[in-house]
Amino acid sequence: MLQDIRDKSQGVIVKVIIGVVIVTFALFGVEALVQSFTSTDTVAEVDGKEITRSELLRASETQRRQLISMMGGQIDPAMLEENALQRRALDELIQRAVLMNQAESLNLGVSDAQVDAYLVQAEQFQTDGVFDQSKYLNFIRSLGFTPLAFKERIKQDVLIQQTRNALAGSEFILPSQVESIVELQNQKRSYDFIRYSLAQKTEQVNVSDEELQAYYDENSASFVSPEQVKLDYVVVSAADLQSQVEVTDAELKDAYDARVANFQGEEREASHILIDTSSRSDEEAQARLAEVQDKLANGESFSQLASEYSDDLGSKDNGGDLGYVSRGIMVGPFEDKLFAMEAGQVDSVETEFGYHLIQLNEISETSAPSLDDMRDELMSDLVAQKAKDKLLEEHETITDLAYASDDLSAISSEYGVAILTTDYFGRDGGNDEITSSPSVISAAYSPTVLEDGHNSDLIELSDEEVVVVHVNDHKAAAQQTFDEAKDVIASIVVQQKAVEALQATANAALASGEGDWTTVKNAERGQDEVAALAFGLPHPAEGESSVGVESAGNGDLVAIRLTEVIQGDGSVEASQKEIYENYLSQTLTNMTMRAQQESLQNAAEIVRN
């Protein structure tokens, strides 16, 4: 197949097309070429404004990278499924289009100079407080943007934020709202309850095969063996490339010089007694320090005084011993005092933690290890780092081999690595490093790999390992037989019967008032799980109780009889008032923004293709 492509790629027409592609790349970048082919492929329109397929693909890819970056191995693989990504991306693009149309209708605008100023001042693009072009470019490339596209995205964000800031600025909180929230928070409730154990009841429930068969017949569609896939895969790691790495004497010398440049030639063995000022006033701390100093002057040992007086839990039981200390370990004032003292001297200093009484026990002078002493360690570090760099350089080659091959043998041969095989796993992943990786799961169930039988793209497991996968076998979802599902059905039916029985018992107790009731008076909100259930019941009518049967977190049922609601105090300290105001303001702002978004979308003419 590849030879056929090569043969047909020699024609004049093909060369002209390639020439146009090269010119397009050179003048406008890859994005312009992609848009030239896809920009007319409209996936949606918002009040006549088109959303193209290229925009959708870029947005979904950006979402995928952001999700992996934020959640890593904890991400639900279903979130990376291509159709789900594109649905979320299209919803977001429609929302943005609606808000952009509103900003334009209000004649809002932002200049290129404003956008440039925003980017230059953004901390994530700075190194030592100065805009870093390389950091900026690496960031936007990691999101799949070109510089022009990213700048346009920021311009849209600033425009949209102008309308949102206007909404946020129009919100205000009344004192009565704060008072109502505080009253609810401080409310107390009295109630009676009986808790019924689901676990205990399930042990008493018996079910027949006829009941299990009937449940299976009614719910057979729920018992399906999940779709599974088995993969072949190759892992190329930095360790595999270490034999190809060479370290020169000059590189070794540079690494040695850099290592010993920060070498501390002096260490000081010290002990201290900390008088903490967070739990006592400054006057009390100074008085305690003076007391220790007087006892020390009268001949009592520093070690015993540290055990008695020091607030440093990490050292007091060792007589205040800190071991050998070099510069850069302790806080500044402590270090400055310690390294200005003479051996055997005792002196005091104040830091952010309180007052320290320091005893300098010994000064130790040490010399830097020689290059020969550090050669093996430095060599190991340099080889490991250069192998990681080498792996990064090999990404393109690995990608090319994966694309050009129908299996993994070419990569295996090129890098001398084995082709391995996973166990079967579903769309929720497996239990090992490979099958639990969200990126691997997403690739395994992608149409290109699963349906077309191609190799996956290169997948980064870490900065030291990459993997390429290929489907070995695929099992479609299949209906389970009754025997296969019987154990699961038994668990479901037993629990259902147990819950029904407990529900009937609880209702009977509420109706009759009989049973082993526990009475709770003046419970506070969040006091415990049952209290939380009681706070969910409506206020009882005068002279009556409000009753209900609620489910606890472990499945237990709780019969509750709410007898009294005690109104909370609405007064609040000034320090707490601001917290409540901020909470209410943020809540109202979020509600207003959601309402505005829904209103704009309802009024817009949206066509999804």
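Cut-offs applied
- Residues numbered from 1 in each chain as written.
- Predicted model: local features only at pLDDT ≥ 70, side-chain atom pairs only at ≥ 80, totals over all residues.
- Heavy atoms only, no water.
- Salt bridge = Lys/Arg side-chain N within 4 Å of Asp/Glu carboxyl O.
- Helix = DSSP H or I, 4+ residues; strand = E, 2+ residues; numbered from the N terminus.
- Buried < 20%, exposed > 50% of the residue type's maximum accessible area, 1.4 Å probe, protein only.
- Polar contact = N/O pair within 3.5 Å; in protein donor to acceptor, adjacent residues only side chain to side chain.
- Contact = heavy atoms within 4.5 Å.
- Arc of directions from axis to C-beta.
- 1 Å grid on protein atoms, 1.4 Å probe; cavity = no way out; pocket = protein on both sides within 12 Å on 5 of 7 lines; lining within 4 Å.
- Points joined across faces, edges and corners; volume = space filled by probe spheres on them.
- Nonpolar A, V, L, I, M, F, W, Y, C, P; charged D, E, K, R; others polar.
- Expected span 1.5 Å × (residues − 1).
- Pairing = 2+ DSSP bridges.
- Axes fitted to C-alpha atoms, helices over the stretch in contact; angles between N-to-C directions.

Asker: Hey, could you run me through the pattern of salt bridges in this one?
Answerer: When the charged atoms of two side chains with opposite charge come close together, those side chains can pair. Inspection of the entire model under this criterion finds 21 salt bridges. Notably, a salt bridge pairs Arg375 with Asp372, separated by 3.3 Å at the nearest N-O pair. Taken together, the residues span about one helical turn, with Arg375 and Asp372 both in helix α16 (residues 371–404) at a distance of three residues. Residue classification places Arg375 among the partly exposed positions, given a relative accessible area of 31%. With a shortest N-O distance of 3.3 Å, Lys390 and Glu394 are connected by a salt bridge. One end of the pair is Lys390 and the other is Glu394, both in helix α16 and four residues apart, which spans about a single turn. Using a relative accessible area of 22% as the deciding quantity, one classes Lys390 as partly exposed. On the basis of relative accessibility, which here comes to 12%, the residue Glu394 falls in the buried class.

Asker: I tried to follow unusual backbone geometry on my own but got confused; where do I start?
Answerer: Most peptide bonds adopt trans geometry, and most residues besides glycine take a negative phi value. The phi dihedral of Asp128 falls on the positive side, at around 55°, and the residue is not glycine. In this structure Asp128 comes out as exposed when scored by relative accessible area, which is 78%.

Asker: Which parts of the structure should I look at to understand the side chain of Arg280?
Answerer: Within the fold, Arg280 resides in the loop between β8 (266–276) and α13 (282–297). Polar side-chain contacts of Arg280 include one of 2.7 Å to the backbone oxygen of Asp276. One polar contact links Arg280 to Asp311, side chain to side chain, over a distance of 2.7 Å. Not counting chain neighbours up to four residues away, the residues in contact with Arg280 comprise Ile275, Ala285, Arg288 and Asp311.

Asker: Looking at this model, I keep getting lost on helix α11 (residues 209–218). Mind explaining?
Answerer: An α-helix turns once per 3.6 residues; consequently, residues spaced three or four apart project the same way. If you check which residues of α11 are buried, you get Leu212, Tyr215 and Tyr216. Viewed end-on, α11 has its buried residues packed into an arc of 100°, placing them on one side of the element. Summarising the geometry of α11, the exposed residues directed more than 90 degrees from the buried face are Glu210 and Glu218. Where α11 is buried, its residues meet β15 (478–479) and α20 (482–512).

Asker: What should I look at first to understand the layout of surface pockets in this one?
Answerer: A water-sized probe, rolled over the atoms, reveals where empty space remains. Taken as a whole, the second largest pocket encloses approximately 490 Å³ of empty space. Lining the second largest pocket are 22 residues, with Glu55, Arg58, Leu93, Arg96 and Gln156 positioned closest to its centre. For the lining of the second largest pocket, the secondary structure elements donating two or more residues are α3 (30–38), β2 (49–52), α4 (53–71), α5 (82–105) and α8 (147–170). Residues of the lining of the second largest pocket, tallied by class, amount to eight nonpolar, five polar and nine charged.

Asker: Where do I start with the environment of Asn554 in this structure?
Answerer: On the secondary structure map, Asn554 appears in the loop between β17 (546–551) and β18 (557–566). Judged by relative accessible area, which is 51%, Asn554 ranks as exposed. For the pair Asn554 and Ala541, spaced 13 residues apart in the sequence, the C-alpha separation amounts to 31 Å. In contact with Asn554, not counting residues within four places along its chain, are Arg195 and Leu198. Side-chain polar atoms of Asn554 contact the backbone nitrogen of Asp556, separated by 3.1 Å.

Asker: So what exactly am I meant to see when it comes to α5 here?
Answerer: When the terminal C-alpha atoms of α5 are compared, their 34 Å separation across 24 residues agrees well with the 34 Å that a helix rising 1.5 Å per residue should span. Directly after α5, the chain includes Asn107, whose backbone phi takes a positive value near 60°.

Asker: I keep staring at the sheet that holds strand β9 (residues 321–325) and nothing clicks. Help me out?
Answerer: Across the sheet, four strands lie side by side as β9-β8-β11-β10; this open sheet has antiparallel pairing. Because the sheet does not close on itself, it has two edges, and the strands there are β9 and β10 (346–351). Taking each pair of neighbouring strands and ignoring which way they run, the sheet shows an average axis angle of 35°. The pairing of β8 with β9 spans four bridges and is antiparallel.

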